[in-house]
Amino acid sequence: MPYINNKMTKTNSYDAIVIGSGITGGWAAKELCEKGLKTLVLERGRNVDHVKDYPTALKDPWELPHRGRITQKVLEDNPIASSCYAFNESTEHFFVKDQEHPYVQVKPFHWIRGYQVGGKSLTWGRWTQRWSDLDFEANAREGIAVDWPIRYKDIEPWYSYVEKFVGISGNRDGLPQIPDGEFQPPMEMNCLEKHLKKRIEETYPDRNLVISRTANLTQRTGNRGPCQYRDLCARGCPYGAYFSSNSSTLPAAEATGNLTLKPDSVVHSIIYDEQTQKAKGVRVIDAHTKKISEYYSNLVFVNAGTINSTMILLNSASSRFPDGLGNHSGVLGHYLMDHNYRASLGGFHEGFKDRYYYGRRPTGVYLPRFRNFGEDLQDEYLRGFAFAAGASRTTGYVTDQPFGGGYKEALTRPGEWNLWMTGMGECLPYHDNKISLSKEKTDEWGIPQVEIDFEFKENELNMLKDIVNSGQEMLENAGFKDIYAYDTNQPPGLGIHEMGTARMGRDPKTSVLNGYNQVWGVKNVFITDGACMTSNACQNPSLTYMALTARAVDYAVSELKKGNL
Amino acid sequence: MNRREALKTVAVILGGSVISAPVFLSGCRPEEGTGRSVYFAPDDIRLLDEISETMIPETDTPGAKTAEVGVFMAGMAPVLYDEKNRESFVAGLAAIRNNFQAEYGHSFLNGENSERLDFLNNLDQEVESYNQQKKEDEPEHYFRLMKELALLGFLTSEAGSTQALRYVQTPGRYDGCIPYRDGDKAWAV
């Protein structure tokens with residue numbers, strides 16, 4: 001490792017370092033800066049300035065050279081990235097291309113990444129249901145993996161705290177599986193969604209269909225929003241009407257005068273000081289020049305994204321921690337999870353031909369977990385799943401008209417109502433679903449590539465059958481026609497909800513982080529992205545990551561002030 | 001994309017030298033993996049324009065030709081499809097040219113609208129029977145590809161979006177359940 005001079009120590013020192021600028025890195029930066037800490041945010045990708053660097057945000061469909069489609073060349077070059085639902089001609093500049101950052105798939109795993117300032121917060125799905133004690137108590141109740149060191153009451157005020165800043169639209173539905181939060185007015189369901197809601201709630205007293213709680217503003221908040229209903233979020237929003245690091249947390253951090261943001265900075269490892277038994281900084285490689293620098297701080301937040309955060313710890317070996325920073329338990333890298341999104345369902349409905357809608361709503365409807373909840377107990381699997389769905393009328397789908405004027409008229413009138421549905425299944429944490437450093441392959445910066453060894457197992461596959469069957473039954477019951485309901489068999493990873501590998505727990509012998517996301521045995525290092533998760537529920541996770549991050553910063557800074565770090 | 005830019009896109013694909021489809025089919029093999037392996041001459045684009053205009057004619061709103069669908073199809077087919085579908089598309093254009101001539105004794109471009117309609121509606125039927133027997137590794141029927149591109153090209157064009165359909169760039173609100181009156185156009189996008 002490089003020679004370090006004292007001058008570097010002085011000029012490269014900060015009160016806090018945050019690794020990563022995505023959804024949790026942005027939050028760590030905002031909270032640390034607002035608490036008065038001079039904070040360095042290291043981002044491995046390029047800079048993306050809010051609005052200025054959203055090149056496609058205001059393009060009309062005919063202004064995109066391929067009208068939004070991706071070409072065969074891009075498809076062939078990017079079998080992984082292009083399999084993401086949000087990847088298209090108008091968004092592809094926010095996704096890592098397959099050849100840029102190779103990794104090893106021990107078993108098929110599509111790892112979707114966004115290496116730039118803002119990370120995947122630019123392209124995320126924005127669905128933000130709270131978790132509940134059904135989730136936080138699950139491992140303890142069933143004797144799976146280890147118990148979460150927190151309960152809903154610990155995170156509840158932090159959900160409220162982040163929701164007020166993020167701006168969540170939603171309805172107060174009073175459902176225990178997805179507790180109500182600090183909501184802006186909800187977006188409306190359309191006619192077919194309202195019909196499905198009615199039929200489901202009449203037939204199954206313990207099931208509900210609600211508008212998804214979503215990080216799109218229905219009211220102006222600060223200098224952001226409200227939503228203009230263009231449904232082009234993943235291009236970046238010129239109105240700042242959905243939450244991203246770029247539109248929201250990073251500007252707030254910047255406004256304090258305490259933020260230093262360094263793009264193009266690939267973190268190699270965290271530097272561990274054997275004397276103090278703490279981290280003293282991070283080692284960084286310039287993405288372009290490959291020059292190595294060190295930055296120093298008494299507080300390090302690791303927010304590089306689940307797999308990359310754990311990779312940094314694994315790559316930070318010392319004589320105290322030969323198997324990776326803080327890894328005396330041996331669990332670092334293990335218990336990787338992703339949601340099972342393999343089920344695809346939908347169908348047409350012949351009704352409501354005299355109803356339509358106006359605007360393009362950037363969210364859908366949500367059917368919260370109902371299995372293994374209340375009286376609905378299943379023999380074939382543990383945990384449960386939720387459904388995401390959305391209805392619209394087709395355009396340009398005409399099968400019963402010969403070509404000519406009549407065909408054109410049919411093409412340009414709204415067609416049948418139809419609805420899509422996706423199951424979102426919880427995945428249990430398994431020791432042998434894991435990531436590790438490749439012994440043979442390195443990346444462009446000389447850092448070992450990650451090997452991902454992951455598969456869904458019996459519990460997830462049994463649940464998948466029920467997702468397909470129960471979803472089909474609800475569609476039939478609501479009068480849908482031409483129903484499809486099947487297992488797409490898409491590889492895991494495409495839930496894009498990687499969780500675990502540096503889990504929180506109550507015991508340093510079986511977990512990497514304590515109840516405040518603090519690394520056991522390296523008390524000035526915190527991990528608050530998806531790596532920290534002890535189980536993965538079936539709700540979209542980003543809101544929970546954000547709440548955990550704000551809570552961890554609050555704890556870290558109070559410990560710092562007490563002289564405990 | 002305005003017409004000039006659209007032509008520029010095609011010009012890039014043409015790479016400066018116009019090679020017509022028959023030449024391609026007679027053994028001029030595509031460069032592997034470049035996505036620029038299929039070339040269309042101005043005559044081909046005129047034919048694509050007329051095919052798409054027959055399907056989606058000008059009425060009280062613009063048709064496919066006004067929306068420059070031919071040039072769009074010629075630009076897209078080489079880059080959107082894999083090799084076997086590119087070949088299917090190119091061979092299909094020649095087949096339309098030759099089969100129409102054989103059937104009616106004059107070219108598609110000189111055909112009566114009723115002849116063109118009969119011909120294309122028959123092709124559309126042919127796609128259905130083709131698909132029923134199609135094996136997974138066989139190419140798509142060329143007319144399925146042409147129809148797909150014609151529809152995509154028309155419905156996402158400026159003329160198609162803003163005149164044949166209703167396009168609101170910035171809706172500003174969402175109303176989930178409003179009355180629909182017969183004859184109202186569908187929303188673009």
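Quick caveat: nothing in here was measured; it's all calculated off a predicted structure. (Residues numbered from 1 in each chain as written. Chains lettered and ligands numbered in written order. Predicted model: local features only at pLDDT ≥ 70, side-chain atom pairs only at ≥ 80, totals over all residues.)

Bringing the overall build of chain A into the picture now. Summing up its helical and strand segments, chain A has 12 helices and 21 strands in all. In summary, chain A has a C-alpha radius of gyration of 24 Å against a globular reference of 24 Å for 565 residues, a match within 12%. Seen through its C-alpha atoms, chain A measures out along the principal axes to roughly 80 × 55 × 45 Å. (Helix = DSSP H or I, 4+ residues; strand = E, 2+ residues; numbered from the N terminus. Rg over C-alpha atoms; globule rule 2.2 N^0.38 Å.)

Our focus in this paragraph is the overall build of chain B. Counting its regular elements, chain B contains 8 helices and 1 strand. N-terminal to C-terminal, the α/β element order of chain B is α-α-α-α-α-α-α-α-β. Expressed as a percentage of the 189 residues in chain B, the buried residues total 41%. Relative to all contacts within chain B whose residues are 6 or more apart in sequence, the contacts with residues 24 or more apart total 62%. (Buried ≥ 20, exposed ≤ 12 C-beta atoms within 10 Å, placed from the backbone. Contact = placed C-beta atoms within 7 Å.)

Counting residues at the interface gives 40 residues for chain B and 40 residues for chain A. Those elements that place two or more of their residues in the side of chain B that touches chain A are α3 (42–55), α4 (69–80), α6 (113–133), α7 (142–155), α8 (158–164) and β1 (175–179) of chain B. In this sheet, β1 of chain B lies alongside strand β14 (residues 355–358) of chain A in antiparallel orientation, the contact comprising 3 bridges. Across the sheet, residue Arg355 of chain A finds its bridge partner in β1 of chain B, namely Pro179 of chain B. (Pairing = 2+ DSSP bridges.)

The end-to-end C-alpha distance of helix α7 (residues 191–203) of chain A is 18 Å, a good match for the 18 Å that 13 residues give at a rise of 1.5 Å each. All of the buried residues in α7 of chain A are Cys191, Leu192, Glu193, His195, Leu196 and Lys197 of chain A. For α7 of chain A, the secondary structure elements touched by its buried residues are β13 (343–349), β14, β15 (365–367), β16 (385–393) and β17 (417–425) of chain A together with β1 of chain B. (Expected span 1.5 Å × (residues − 1).)

Okay, the sheet that holds strand β18 (residues 434–442) of chain A next. Backbone hydrogen bonds are what pair the strands of a sheet, in a parallel or an antiparallel way. Residues and elements named next belong to chain A. Here 3 strands make up an open sheet; going across it, the order is β4-β19-β18 and the pairing mixed. Looking along the sheet, the strands with just one partner apiece sit at the ends: β4 (104–105) and β18. Where β4 and strand β19 (residues 448–453) come together, 2 bridges link them in parallel fashion. Looking across to β19, one finds that Val104 is bridged to Glu451. Sheet strands in contact with helix α9 (residues 306–314) are β18 and β19, and its direction is about 65 degrees off that of β18. (Axes fitted to C-alpha atoms, helices over the stretch in contact; angles between N-to-C directions.)

Glancing now at the nonpolar core. Ile17, Ile19 and Val282 of chain A are the most contacted members of the largest nonpolar core, which has 151 residues in total. Looking at which element gives the most residues to this core, the answer is helix α12 (residues 542–561) of chain A, with 10 residues. What Val282 of chain A contacts, discounting residues up to four positions off in sequence, is Ile17, Ile19, Leu42, Val267, Ile270, Ile271, Tyr295 and Val300 of chain A. Counting residues in hydrophobic clusters, the runner-up holds 48 residues, among them Tyr39, Val71, Ala77 and Ala150 of chain B. (Core = buried A, V, L, I, M, F, W, Y, C linked by C-beta atoms within 7 Å.)

This next bit is on the packing of helix α6 (residues 152–166) of chain A against α12 of chain A. Residues and elements named next belong to chain A. Running from amino to carboxyl end, α6 crosses α12 at an angle of 105 degrees, the nearest separation of the two axes being 8 Å. By the angle between their axes, α6 is roughly perpendicular relative to α12. Taken together, the residues of α12 that come into contact with α6 (itself represented by Ile155, Trp158, Tyr159, Tyr161, Val162 and Val166) are Leu543, Met546, Ala547, Leu548, Ala550 and Arg551. Considering only residue class, the contact of α6 with α12 consists of 11 nonpolar, no polar and 1 charged. (Parallel < 35°, antiparallel > 145°, perpendicular 65-115°, else oblique. Nonpolar A, V, L, I, M, F, W, Y, C, P; charged D, E, K, R; others polar.)

Attention now moves to unusual backbone geometry. Residue Gly225 of chain A is joined to Pro226 of chain A through a cis peptide bond whose omega torsion reads 0 degrees. Turning to its location among the elements, Pro226 of chain A is positioned in the loop between β7 (210–211) and α8 (245–255). Positive phi, normally seen in glycine, also occurs at Arg67 of chain A, with a value near 55 degrees. Among the structural elements, Arg67 of chain A can be located in the loop between β3 (39–42) and α3 (72–77). Judged by the 21 C-beta atoms lying within 10 Å of it, Arg67 of chain A is buried. Its identity is not glycine, yet Glu68 of chain B carries a phi of approximately 55 degrees, on the positive side.

This brings us to the sheet that holds strand β2 (residues 16–19) of chain A. Residue and element names in this part refer to chain A. Across the sheet, which stays open at both edges, the 5 strands sit in the order β8-β3-β2-β12-β21 with parallel pairing between neighbours. Each edge of the open sheet carries a strand with a single partner, namely β8 (259–262) and β21 (525–527). Recorded for the sheet is a direction-independent mean angle of 20 degrees between the axes of neighbouring strands. Bridging between β3 and β8 involves 4 bridges; their strand directions are parallel. Its bridge partner being in β8, Val41 is matched across the sheet by Leu261.

To continue, consider the confidence of the model for chain B. Residues and elements named next belong to chain B. In this model, chain B carries an average pLDDT of 84, and 80% of its residues clear a pLDDT of 70 or more. Note on residues 1–37: pLDDT under 50 across the span, and 53 contacts to partners over four residues away in sequence or across chains. For this predicted complex, the interface confidence reaches an ipTM of 0.92, while the overall pTM sits at 0.93. (pLDDT = per-residue confidence, 0-100.)

A separate point is the pairing of β18 of chain A. Residue and element names in this part refer to chain A. Bridge count between β18 and β19: 5 bridges; the pairing is antiparallel. By the bridge assignment for β19, Ile435 is matched with Ile452. Taken together, β18 and the strand that follows it, β19, pair antiparallel across an intervening segment of 5 residues, in which Gly446 is found at a positive phi of about 80 degrees.

Residue and element names in this part refer to chain A. Inspection of the secondary structure puts Gly225 in the loop between β7 and α8. C-alpha of Gly225 to C-alpha of Asp453: the two residues are 228 residues apart in sequence and 41 Å apart in space. When near neighbours in sequence (up to four residues on either side) are disregarded, Gly225 contacts Gly167, Leu217, Arg220, Tyr239, Gly240 and Ala241.

The subject of this paragraph is the pairing of β16 of chain A. Residue and element names in this part refer to chain A. In terms of strand pairing, β15 meets β16 through 3 bridges, oriented antiparallel. Opposite Val365, over in β16, you have Ala389 as the bridge partner. Summarising the sheet, β16 and β17 pair through 9 bridges and their orientation is antiparallel. Each bridged residue has a counterpart across the sheet, and for Gly390 the counterpart in β17 is Trp420.

The subject of this paragraph is the packing of helix α2 (residues 23–34) of chain A against α8 of chain A. Residues and elements named next belong to chain A. Following both chains from N to C, one finds α2 and α8 inclined at 25 degrees, their axes separated by 7 Å at the closest point. When the axes of α2 and α8 are compared, the pair comes out roughly parallel. Two packed elements cross with a definite hand, and for α2 against α8 that hand is left-handed. Residues Ile23, Gly25, Gly26, Trp27, Ala29, Lys30 and Cys33 of α2 form the contact with α8, whose participating residues are Ser245, Thr249, Leu250, Ala252 and Ala253. Within the contact of α2 with α8, the residues separate by chemical class into 7 nonpolar, 4 polar and 1 charged. (Left-handed = near helix turned anticlockwise from the far one by under 90°.)

A few words on the environment of Gly119 of chain A. All names here are of chain A. For Gly119, the position within the fold is in the loop between β4 and α4 (133–136). Sequence separation between Gly119 and Gly22 is 97 residues, and the spatial gap between their C-alpha atoms is 4.2 Å. In this structure Gly119 touches Gly20, Ser21, Gly22, Ile23, Gly114, Ser245 and Gly305, once residues within four positions along its chain are discounted.

Residues and elements named next belong to chain A. By the element assignment, Pro429 lies in the loop between β17 and β18. For Pro429, a count of 22 C-beta atoms within 10 Å puts it in the buried group. Each C-alpha atom, one on Pro429 and one on Ile447, is 27 Å from the other, the two residues being 18 residues apart in sequence. What Pro429 contacts, discounting residues up to four positions off in sequence, is Ile144, Ala145, Tyr335, Met337, Gly500 and Ser535.

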